[in-house]
Amino acid sequence: MLRSLRLISLLLILLSCHGFAFSQSPALAYPDSVGQRSRYEIIIEMPKAYLSGLMIMHKPSGGHVDASVINEFGISLIDLSYDEKKDKVKILSITDKMNKWYIKRALSNDFKNILKAMREGAYEYLNTKRKIKYSFQPANETE
């Protein structure tokens with residue numbers, strides 16, 4: 001009797017820890033159907049700077065995904081469009097401080113790799129050449 005009580009207690013502890021692990025890491029939802037939207041909290045860490053905010057993704061038509069990254073004050077940092085068929089990112093608008101050809105090239109390459117990684121379920125991307133780390137997780141859906 002005592003042995004079975006211990007086994008049941010151990011089983012309950014393991015199940016509660018397993019459920020806790022799932023609640024801490026929600027699944028990423030890449031917009032895969034037309035009209036679907038996804039929101040992510042994004043953190044961009046660079047050697048001399050740090051950016052955080054929201055990335056909102058929308059799939060207006062088949063084969064394209066539009067994304068906007070806005071900071072915590074609501075200022076748009078970058079708007080981009082990802083063509084899934086051609087595997088290319090086009091930067092539609094970018095903030096003035098980041099509007100340099102070399103920054104735009106690095107960001108378009110990074111976001112192309114980020115969006116491919118998101119489709120596979122990853123939540124981090126590291127640009128080892130420039131030491132830029134992108135981390136994202138689903139944002140709380142409060143409306």
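What you are looking at is a predicted structure, and each value in this text was computed from that prediction instead of being measured.

Which parts of the structure should I look at to understand the overall build of the protein?
Tallying secondary structure elements over the protein gives two helices and seven strands in all. Reading the protein from its N end, one meets helices and strands in the order α-β-β-β-β-β-α-β-β. Classification of the 143 residues of the protein by burial places 31% in the buried group. Here the protein has roughly 9900 Å² of accessible surface; of this, 57% comes from carbon and sulfur atoms.

When you look at the side chain of Asp83 in this model, what are you seeing that I'm missing?
Relative to the helices and strands, Asp83 resides in strand E4 (residues 76-83). Despite its burial, Asp83 pairs with no opposite charge, the nearest such side chain being Lys86 at 4.3 Å.

What is the right way to read the pairing of strand E6 (residues 124-127) from this model?
Within a regular beta strand, the side chains point alternately toward one face of the sheet and then the other, so they alternate between its two faces. Residues of E6 alternate between two faces, with Tyr125 and Asn127 buried on one and Glu124 and Leu126 left unburied on the opposite face. Both E6 and strand E7 (residues 132-138) contribute to a ladder of four bridges, which runs antiparallel. The residue bridging Tyr125 from the neighbouring strand is Tyr134, located in E7. Adjacent in sequence and paired antiparallel, E6 and E7 are bridged by four residues, among which Lys131 carries a positive phi angle near 55°.

Reading the values: rules and limits
- Each chain carries its own residue numbering, running from 1 in the written order of its sequence.
- Selection of residues for local features in this predicted model requires a pLDDT of at least 70, selection of side-chain atom pairs for listing and counting requires 80 or more, and totals for whole chains, interfaces and linings are taken over all residues.
- Think of the side-chain values as coming from all heavy atoms in the structure, minus any hydrogens and water.
- Secondary structure counts use DSSP, requiring at least four H or I residues in a row for a helix and at least two E residues in a row for a strand, with both numbered from the N terminus.
- Burial here depends on accessible area, computed with a 1.4 Å probe over protein chains only, as a share of the maximum for the residue type. Under 20% is buried, over 50% is exposed, and the range in between is partly exposed.
- Only the protein chains shown count as cover for residues, and the accessible areas themselves come from Shrake-Rupley with a 1.4 Å probe.
- All tallies of charge rest on Lys and Arg as positive and Asp and Glu as negative; His and the ends of each chain are not included.
- For this analysis, a salt bridge means a side-chain nitrogen from Lys or Arg found within 4 Å of a carboxyl oxygen belonging to Asp or Glu.
- Here, a strand pair is defined by DSSP locating no fewer than two bridges between the strands.

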